Amino acid sequence: MAYTLKQSETQFRGGKNILASEHVQYVHGGATLDGSKFPEGLIEVGTLIARNDSTGKYEPFSDAEGFKNFYILNEDHDHDGKTDAITGAVIIEGSVYLKKLPTADQSKVETFAPLNQNIHFVDHIEG
């Protein structure tokens, strides 16, 4: 669960599993999400993120220039639109189902995938 210095309490809600494999590695030491770069509301599991070279904080993935450490969030986070949050549930290596990522991020995968070749995107097979 992501945490901030603000005290709050949220009700439990069911989650979605984006993992396509039991083999997964998470970021070491956590990742600070730049509160000013994420919109207010729910930051969904499966959101593509990247670390801004100048601030050292993670932002929603949009471009490779000026960024490094291209990862995927593996938890939801209720965001107030301004407060930074720290999370350790950030996938740096593993396999995820493409169709379970947020719809807006599914269209970015073609650009994102070559930037972190340790994350594999799997087509969901229904059966």
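Counting from 1, residues in each chain are numbered in the order their sequence is written. The predicted nature of this model means local features are confined to residues of pLDDT at least 70 and side-chain atom pairs, given and counted, to a pLDDT of 80 or more, with totals for whole chains, interfaces and linings taken over all residues. Excluding hydrogens and water, the side-chain figures rest on all heavy atoms present in the structure.

Chemist: Just to check I follow, could you spell out the overall build of the protein for this structure?
Modeler: Where helices and strands are cited, they refer to DSSP runs of H or I of at least four residues and of E of at least two residues respectively, numbered from the N terminus. What the protein contains, in helices and strands, is 2 helices and 10 strands. Counting from the amino terminus, helix and strand elements in the protein follow one another as β-β-β-β-β-β-β-β-β-α-α-β. Burial here depends on accessible area, computed with a 1.4 Å probe over protein chains only, as a share of the maximum for the residue type. Under 20% is buried, over 50% is exposed, and the range in between is partly exposed. Buried residues in the protein amount to 37% of all 127 residues. Residue contacts are defined here by distance: any two heavy atoms, one from each residue, within 4.5 Å place the two residues in contact. Of all intrachain contacts in the protein linking residues separated by at least 6 positions in sequence, the fraction that spans at least 24 positions is 71%. Accessible surface, the protein as shown: approximately 7,700 Å² in total, 47% of it carbon and sulfur. A 1.4 Å probe and the Shrake-Rupley method give the accessible areas. Residues count as covered only by the protein chains that appear here.

Chemist: What is the right way to read the layout of surface pockets from this model?
Modeler: Any empty space left between the atoms is revealed when a probe the size of a water molecule rolls over them. Of the voids in this model, the second largest pocket is the one considered here, and its volume is about 170 Å³. Of all the elements in the fold, those that place two or more residues in the lining of the second largest pocket are β3 (41-43) and α1 (103-106). Gly falls in the polar group here, along with every residue not listed as nonpolar (Ala, Val, Leu, Ile, Met, Phe, Trp, Tyr, Cys, Pro) or charged (Asp, Glu, Lys, Arg). Considered class by class, the residues forming the lining of the second largest pocket number 8 nonpolar, 1 polar and 3 charged. Only protein atoms enter the 1 Å grid, on which a cavity is a set of points fitting a 1.4 Å probe that cannot get out and a pocket is an open set with protein on both sides within 12 Å along at least 5 of 7 lines, lining residues being those with an atom within 4 Å of a point. Grid points are joined across faces, edges and corners, and a volume is the space filled by probe spheres set on the points.

Chemist: Whenever I open this one, unusual backbone geometry confuses me. Can you help?
Modeler: For asparagine 69, which is not glycine, the phi torsion reads 55° and is therefore positive. Mapped onto the fold, asparagine 69 is located in strand β6 (residues 67-73). We classify asparagine 69 as partly exposed; its relative accessible area is 28%.

Chemist: I keep staring at the pattern of salt bridges and nothing clicks. Help me out?
Modeler: Pairing is possible between side chains that carry opposite charge, provided their charged atoms lie close to one another. The working definition used for a salt bridge is a side-chain nitrogen of Lys or Arg within 4 Å of a carboxyl oxygen of Asp or Glu. On inspection of all chains with the given rule, the structure shows 4 salt bridges. Residue lysine 68 pairs with aspartate 53 through a salt bridge whose shortest N-O separation is 3.9 Å. Highlighted residues: lysine 68 in strand β6 and aspartate 53 in the loop between β4 (48-52) and β5 (58-60), separated in sequence by 15 residues. Lysine 68 sits in the partly exposed class, given a relative accessible area of 40%. According to the relative accessible area criterion, aspartate 53 is partly exposed, its value standing at 41%. The salt bridge involving aspartate 84 is made with lysine 57; its shortest N-O contact spans 2.6 Å.

Chemist: What should I look at first to understand the packing of aromatic side chains in this one?
Modeler: The relation between two aromatic rings is expressed through the spacing of the ring centres and the mutual angle of the planes. Note on aromatic pairs: the rings of Phe, Tyr and Trp (six-membered ring only in Trp) are paired at centre separations within 6.5 Å, and the planes decide the class, stacked below 30 degrees, edge-to-face beyond 60, tilted for the rest. What the rule picks out here adds up to 5 aromatic pairs. Relative to tyrosine 71, the ring of tyrosine 58 lies with its centre 6.0 Å away and its plane at 25°, an arrangement referred to as stacked. Note that tyrosine 58 is positioned in strand β5 and tyrosine 71 in strand β6, a separation of 13 residues in sequence. One exposure class covers both tyrosine 58 and tyrosine 71, and it is buried. Here phenylalanine 70 and phenylalanine 112 contribute two aromatic rings whose centre-to-centre distance is 6.3 Å and whose plane-to-plane angle is 85°, an arrangement assigned as edge-to-face.

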